[in-house]
Structures are given as structure tokens and as C-alpha cells.
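# Coordinate analysis (summary)
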Amino acid sequence: MDYALFVMQVLNGLQLGLLLFLVASGLTLVFGILDFVNLAHASLYMVGALVCASLTLVLGNFVWALLLAIPVTALVGWTVERLVARRLYGRDHLDQVLATFGLILVLTTLAHLIWGPQGISVPLPSWLKGQLAFSDTLIFPIYRLVIIGAGLLAALGLYVLVTHTRLGMLIRAGASNRQMVSALGVNIERLFAIVFSLGAVLAGLAGMLVAPITEASIGMGNGIIITAFVVIIVGGIGSMKGAFIAAMLIGLIDTLGRAFLDGVFKLFMSSDAAENSAPAVSAMLIYIIMALVLAFRPKGLFPPKVR
Amino acid sequence: MSATNYPKLTLLVMVLLAVLPPLFYFTGQPFYLDLATRLTILAIAAVSLNLILGYSGLVSFGHAAYIGLGAYAVGIPGYHAIYGGLESWGLASTSGWLHFPLAMLIGAIFALITGIVCLRTKGVYFIMITMAFAQMVYYAIVSIKTYGGDDGLTIDVRSEFPGVSLDDPLQLFGVSYVVLVAVMLLVRMMVNSRFGMVLRGAKGNNERMVMMGYNTYRYQLTAYVIAGALAALSGALLGNFTTFISPEMMDWTRSGELMFMVILGGVATTVGPVLGAVAFILIEEVLSTFTIYWQLPFGLLLMGVVLYSQGGLANILGQWRARRALRDASQGGAAQEHKL
Amino acid sequence: MKRTLLALAAAAVAGSLHAAPVKIGFVTTLTTGGAVIGKDMQNAANLAMEHLGGKAGNTQLELIFADDGFKPEVGKQATDRLVKQDNVDFVAGYIWSHVLLASRKSVLDAGKFLITANAGPSPMAGKLCHPDTFSTAGQNDQTPMALGEVLNKKGVKSLYIMAPNYAAGKDMVAGVERTFKGKVLGKDLTKWGADAQMDFSAELAKARDSGAEALFVFYPGAAGGAFAKQYNQAGLNKTLPLYSVFTVDALSLPKLQAGNLEGVLGSRTTQLWDPTLDNAANKKFVADYKAKFGAYPSYYGAQSYDAIMLIASAVKATGGDMANKDAVRAALKAANYDSVRGKYTYGNNHFPIQNFYLREVVKDQGGVWSTKVVDTVYNNHQDPFAAQCAMK
């Protein structure tokens, strides 16, 4: 097997994993700490991407647009929290599911009305457009390396936030006992609003980072929401460490599966059979992984001990 | 938790459902009969889902898989009856007596196999793993080229029963309606029996039921298998209705729609799933004639129902009279609250 | 007196028969991401109505649009409504094969005519062909077959294939493999569906690694733009020439141009139509479309324009007498209208026997990215499924 190809596929897998982590971390925060099932999480991913894309076209600069789009997405998240999520804390999960499903429809249609169905192609500045040639055969797009970098930075930032800051401490405390934290004088409503907005920003950031590769469009959330849920289930709901490890695991397995599964199948099946079954198995891979993990660890790999 | 039943509301809804669609058909608006048929078939699936989701607290996000399997149980024999193949297995046939029992059998078997695994998990893990299995079936069927993959299976013949022609839209509606009533009665009977009591008890507090000596896992598995078989039955009817069977019928978004119907209608009520199906399909149809952006008001409506009321449509409508009476009786007293 | 009254009554009835408008239902995707295509078809169909003045001969024409939401069941329901409630005489449109296959029975059972303006799955041309169905597009396999011939002509010996893993994707792959004489070094069928795979990093790395001389892809809709971008970003435009079908078109090119993805210029594709085709009908269509909507029409639009024109020609030829179905059918089969692709005839399966062209992505005189015809690949080509159709 080609060494260079393998390294490139691993890098691809890392990049996918980090994007998944960004989306999943927001989801696990909101689900684990606020006990709120937010199906509309992917809509925030979409909104972040579309806002950033529009700003890029207006400002002519992707980086500035990204920096501006982040507070805008936070604002959208805060609005959603105030108008919708806040009234649903403590309600049955099924009610939350139905309400956030309605929210998806509303946000998607609004996006269609504002941005149209055709999607926006986000232009990258020239210094991000090229490739980095590590060797003759090991050539990797620069922008994907940037995503890996940005993802790792965000992960680091989250880690520091949750373990080394007061806000992180409040978050973890609020997760285990809301009433007590509130009784201690902490404004639990504001805390939850901050957490929800943080989740929105993380999802939106993932959308903004992926848009130059694919495009910013109204359907883009569909691809990531199920995988994100799979990630947090495999990782254990409420656990950031679990979300990180599960995201990397799934990103790598999914990418390497797509890259090498048909080759592996061809070793013991006819070429035709391999060509037909490999794509199907590849698509099922994340579900198979989840089923296997749940068979041995019904609560995910790293369920948080608090709760 | 008690099962809420609104006999008057249920009767009203079922009578309207029996009378209005044929009326439309005979007054030159046959489209609405078709709409009602589709609605009735989905209501059957919703009733089966309510058995496990509403009464047993098992939130299955993969229920549409059974609809798809049931539809293929009609499509594949039908396909081979037209184009040949599988005769030696006795599976090339357009006979409804093969299609429908086969559908239920396949649904039951799939539910048994996946249920054994899924029921070991709880809560949101259960939700995800049921969805995972449904997705696996979806991708598996997409990759089978003979049966069209996602181009689907187009069959021009409907299931044949002696004396009944499912090609006649009125008869197809009639059969679907009868099946719906039968399934509703069956579920109601199960829920009010000792079997149902154990399930409902396990939904509220599983540990207590186990301590009382009940093997709740077995009860839940049984309910899961029955629900699967009934949903597959609705799938067989749906396959007949659309004469186009595709893996998209079992996509997770369809499972979601079923769930939403049950939740919107009111879980753990007899008429809830029917109300949910009616609401979903009627609102979708009516709103889409006004604008292609109908999902916006629809979404707002769903959010409104959840935010400003509890318990879904059945509880809103069913308690309406009760609430008014209570309010009148106790000079502005509080309305009853039904917390789930 | 009685006779005069009768005569008057007959005239009145005949007159009202003439006065009854012919209704055309048009099913396409107006919501979801697929609405880009639907809008193009809608624009083109409306333009056709405008060019016709809303009439075919003396008969008024009425066009009713319906949304299929990219789902077969919704499409079928929309078709049912058109046929049963709105009582249309023709149902046209249909972007997607699965929506078409789901809706087909509703139209045919009601005795109406079905004109597909894009979807061309093999069953429709073969086993499921029907006297009342016609196409103004092509059969799915033909376009990639033409591309296979192009590769042969260019002397390409090895190919890497990428397509989405669904029926149309597999048809495209089968099509190119039917005619391509070289070696297929690798094939990737990527996940498709509601959560389609949009990141092709793994597959592109494999493609580069395979050492193939050319890359064949089919990625309709949003995936096309995503693919083109990643192809560019991986620097493959310098080393692995791109041949595509239904991927790079008038719908994705404006976006690609706005994003400055120059790697796509010079790539080649095959189709049954191009905006630069030199005939009067096409010149008028393209010029008026550009003037009215500010962009080039795509082949979806061209096929839709033709669908309306075809229907109008049949209505005119029969004087709007929809009761005489045989006459309408014969008029449709004659295809006696000025198609924007040039003259064509119908095969036994009512699919066009037509030319296929090799097109290259270029900048037009105004600097707008578009395509132009480089070569005619097939002359009067019939689809490979016509033999499977029972009609003569």
C-alpha cells in the first residue's frame, strides 16, 4: 500500500473528525448539561455557514468574514434560546424533539427566503487555495490543513474553558445540580443561555469552515446531524472528552473505510460484488460502529460520572 | 400514569374519517379520497408506533423501516410475478394472501432480531440504535440493483384478494379504514390488559416492575415485535396505494415524521395517532396550496402546539369541554393539567 | 326551427370545445436545494408560454406548476392533484427518475399524456414504455455513452470513475463503461441521499494515486459545485483532466465563476444541447432567456422549453380536440416543432433519436463562463433500451 496515500487519507480523516467534534461538542454540551434535545443544532451549522458566506462576498475577505460571523451566530443562538429553548427545559424530551423539529422547518424556510436555494460558493483567499507538497506524491490542500489547525485550537480552547475557568466550573456544576447552583446565587438562566450560544457558535464555526470545501446551502445540515448524534452517543452524552475521541474515531474510520474498503473487499470477492457492496457497507459503517460500541458499553465510551 | 381515552372524540374522528372521503369521491373530488387513504395508512403505522412509544416509552426512531419492509413484501413478489423469477420459492405472486402475511412476518422477524439488541439500551441510546438499524436496511436495499435501488420498484398490479379489487380507490380506502379500526381495537385491548399494564408500569418505573417480579424485557420485546408487524402491514397497504416502492419509505426522516405524528396527536391515547396523521397530512396539503414555503407556518404551528399546550392534540381537543366545564364550575379555576 | 336550434347548439358546443383551454401540469422541484433546477425549468416553461402568447393555434393554454419537494411520494401526490383536481390534459416536467417512476401510473391511469422533460430512467425507455409517455430529454445512459466515445477518440487509455451511489449514478457509470474501451482503474460510488456525502477528499486522493489518465464524474446539483471546488483545491486540474456529465452546467457555472474556480475551465462534458447550437429556435430561446433572467439557461430549461413547444404543436395540429387521443398522440409523435436542439424524431419508445455534442467550458464574449460545442459525438443516436420496449 502506498505510504503517501495512506498519510493523506489519515489527514483527511483527522479533518473530518475535527469538524465532527466541533458540531458534536456543541450538541453534547446542550444535551448533556441543559438536558435539551436540539434537533435544530444542524440548522445553526447552516446559519453560520450562510452568514459567513454572505459576509465573504460582501467584504471580499474570508478571514474577516469568519471573525464577524462568529458573534452573529452567537446572537442567533441566543435568540433561539430565549424564544424557544428556555420554555422547554424540564419538559419531556419528546416535546423538545417535536418543537425543535418545527424549528428546523422554520429556520430552513427562512434561509431559503433569505439566501435562495442555490447555495453560495465561498471564495478562498489565494494564500489558502493552493496545496502543500510534502513530497512528490504527498500533496495536501492547504485549506484542509488550516481546518485541522483551527479544529485543534477550538478543542484546546474548550478544554481550557471547561476545566480551568470559572464558567466551566459553573457549567459542570449546573449540569449536576441546577437548583443548588441557583440557590448559591448563580444566575442559572444566564448560564444556560451562554452554554446554548456557545453550542451554536461551535456548530456555526464548523459550518463556516466546511463551506469553502463544499458550499453554503440550505440543505447542508442534513449530512452532519445524524453523524453528530452518533458521535455523542458513542462518546457518551455530556462528555467533551468522549465527543473528541469518538469524533476522531468516526472521522478516521469513515474516511479510511471509503478509501480502502473496496480494495479490501476485492481481496476475497469478485470485483463486481466488491463494487456493489463496498459503498453500501461504507455508508453503514458509522451505524455498525455505534451498534458495536453500544453492545459492549450501553452508555457510550466515556459517560460523564456526574449524573 | 393512566391511559387517557376520549371516547367521544375518538368516535367523532372515526365517523368523520369513514364518511367524508367517500363523500368527496362521489361529489367529483376524488383527490381527497386518495389523500384520506394515504392518511389512514399512515395512521395505522402511527398507532403501531404509539404502542411502543406512547404506552411503553420506547422511542423508536427506526419505525419507518417496517413500513418499507412491508411495502417490499408486496413489491418483490409482484415484480417477480410480472417479470419472472423466484417461482420455485412460491414468491412470484400477486396474491394478497401472500403479500400481507408475508409483510407482517418479515416485520416481526426484523423487530425480533433488532429488538433483542436494541432493548438492552435505554433512553436516547435506544432511539439512536433503532435508527441505526433502520439506516442499515435502507443502505442495504439501495444497493440491490435488481429491485431498482432508489429508482424504486414500480409495480402495475395491486395485491389481489378474492372479491375485493384494490384497484378501485374506494375499496382500497375501505380496506385501509377497516384495518385501521382493527389495529386500533387490538392496541386498545392490549393496552388495557395485564400485558399492557406491565408495559405502562415499566414506562413509568422499570425498576419497580422488575422488583415485582415481571420480566419487563420480555414484555417490551413482545410489544416491539407486534408493533413491527403492524407497521409492516401498513407498509403493505402503502405499497399497494403508491404502486411505487422505494427505500426512501424507510429513511430516518420518515421515521421522524411518524414520531412527530404520534407526539403531535398525543401519546398514549387511542385517537392521538389518528389525529396526528390527520393533522400532519391535512395541514401539509392545505398549506402547500397557498405557498411553496408552507413549511414555515407548519413549523411555527408545531412549535406553537408544543410551547402553548401539553399532551398533544388529543388532549387539547378531548379536554376542551372538560376544561370549559371546570372553568365554569369553579369561577375561573385552573384547568386540568396532564403532565406526561 | 328545431334543426336551426340544433345547429346553433352544436356550433355553440363546438365553439365552447374550442374555447376550453388545454391545461398543462408541470411537476418540478421548487423547494429544497434542488429548487435551483426547478426554477430554471419553470423560467423556461414560462418563457415558452410567453413566446406562444399563451395559445396553440386557437386554443388557450394554461400552465400549472407543482412542487415535488425532491420526494417521490410528494411528487406523486402533486401529480394526483394535477390530474384529479385540476384536470390537466398533459403532465410535464420531472427532474428526478424516482419521482417520475412514482408518478407515472397516476398520469397514465387517468388517460393523460406524460411528457418527461428530464428524467430518463431505463425502465421508461424499455419495459415500462407506454403510448402516452414522451420525452423531450434523453435516456440517462446516452449522455455518458457519448462521453465514453469522446474518451476513446481522445486516446485515453485509463479512467477513474466517481459517481453517487444511487440509481442514476449507477446508470451513468454503466453508460460510460458501455462505450469506453480503455481500462477503469478505480471506481467510487459515494454515499447519496438526504445526507449525501459532499466531501470527496478520500476519493480524490485515490483518484490521483491511481495514475489514471482521466477522471469521469457525475455529481448533479450542489454536489457538483462541491466536487469542482475540491478538485480544484487538490490541484488535480493540472494533472488529471476532468470529464463529466450533468455536473458542470449553466446552474453551477455562475457559482463556480463567483468563487473563481478556474480549474473547471477547459473541462469537457457531453449533452444533447448547448446554448451555442446554431438554429433559429435556440438563438431566440437563449437570447430571450438571458435578457429576461440574467443568466444562461441550462439543458433542464432547454428540455422544458421544448416540452411546452411539443405539447403546443400537438394541440395546434388537432385543433385543441383532446377527446381525440389518437390524433394527439400521433401529433406528439410527429415532433413537428422547432426544437432548440434542432430537428429530431421519436423512436418506438417515444424517446428522441437525436445528436449528442461534446462541450467545453469556456468564457463567452462577455467573460461569462459557459459552454460551447466542440464536436458532434453522436448523430441521430437511439438509446440502448428501445429494443426492450414492446411498442413498434
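About the thresholds
Residues numbered from 1 in each chain as written. Chains lettered and ligands numbered in written order. Predicted model: local features only at pLDDT ≥ 70, side-chain atom pairs only at ≥ 80, totals over all residues. Contact = placed C-beta atoms within 7 Å. Helix = DSSP H or I, 4+ residues; strand = E, 2+ residues; numbered from the N terminus. Nonpolar A, V, L, I, M, F, W, Y, C, P; charged D, E, K, R; others polar. pLDDT = per-residue confidence, 0-100. Expected span 1.5 Å × (residues − 1). Buried ≥ 20, exposed ≤ 12 C-beta atoms within 10 Å, placed from the backbone. Pairing = 2+ DSSP bridges. Axes fitted to C-alpha atoms, helices over the stretch in contact; angles between N-to-C directions.

### Describing the interface of chain B and chain A
In this assembly, 32 residues from chain B lie in contact with 35 residues from chain A. Every element with two or more residues in the side of chain B that touches chain A is listed here: helix H5 (123-142), helix H10 (252-265) and helix H12 (295-308) of chain B. If one sorts the elements of the side of chain B that touches chain A by residue count, H5(B) sits on top with 10 residues. Looking at side-chain class alone, the side of chain B that touches chain A contains 25 nonpolar, 6 polar and 1 charged residues.

### Things to note about the confidence of the model for chain B
When pLDDT is low, close inspection of the predicted coordinates is not appropriate. Residue and element names in this part refer to chain B. Per-chain confidence: chain B averages 87 in pLDDT, with 94% of residues scoring 70 or above. The least confident element of chain B, judged by mean pLDDT, is helix H14 (residues 320-329) at 69; the most confident is helix H9 (residues 216-242) at 95. Confidence metrics for the complex model read pTM 0.86 and ipTM 0.85.

### What about helix H6 (residues 142-153) of chain C?
Residues and elements named next belong to chain C. When the terminal C-alpha atoms of H6 are compared, their 17 Å separation across 12 residues agrees well with the 16 Å that a helix rising 1.5 Å per residue should span. Counted residue by residue, H6 has 10 buried out of 12 residues, so it is predominantly covered. Inspection of H6 places Gln-142, Thr-143, Pro-144, Met-145, Ala-146, Leu-147, Gly-148, Glu-149, Val-150 and Leu-151 among the buried residues, and these make up the whole buried set. At the C-terminal side of H6, Gly-155 shows a positive phi close to 80 degrees.

### Examining unusual backbone geometry
Phi at B:Ala268 is positive, roughly 55 degrees, even though this residue is not glycine. Looking at the element boundaries, B:Ala268 is found in the loop between H10 and helix H11 (272-290). Given 27 C-beta atoms within a 10 Å radius, B:Ala268 is considered buried. If you check the backbone angles, C:Phe246 has positive phi at about 55 degrees while not being a glycine. Along the chain, C:Phe246 falls in the loop between strand E10 (242-244) and helix H10 (253-258).

### Things to note about the interface of chain B and chain C
Buried accessible area, meaning the area lost when the parts come together, often serves as the stated size of an interface. Contacts between the two partners involve 21 residues from chain B and, on the opposite side, 25 residues from chain C. Examining the composition of the side of chain B that touches chain C, we find that 3 residues originate from one element, helix H2 (residues 30-55) of chain B, more than from any other. Here the residues of the side of chain B that touches chain C are counted per class, giving 5 nonpolar, 9 polar and 7 charged.

### Quick word on the sheet that holds strand E4 (residues 90-93) of chain C
Residues and elements named next belong to chain C. The 6 strands are arranged E2-E3-E1-E4-E5-E6 in an open sheet whose pairing can be described as mixed. At either end of the open sheet lies a strand with only one pairing partner, and these are strand E2 (55-56) and strand E6 (133-135). In this sheet, strand E3 (residues 59-67) lies alongside E2 in antiparallel orientation, the contact comprising 2 bridges. Following the sheet pairing, Lys-55 is matched in E3 by Gln-60. Running over the sheet, helix H4 (residues 97-109) touches strand E1 (22-28), E4 and strand E5 (113-116) and is turned about 155 degrees from E5.

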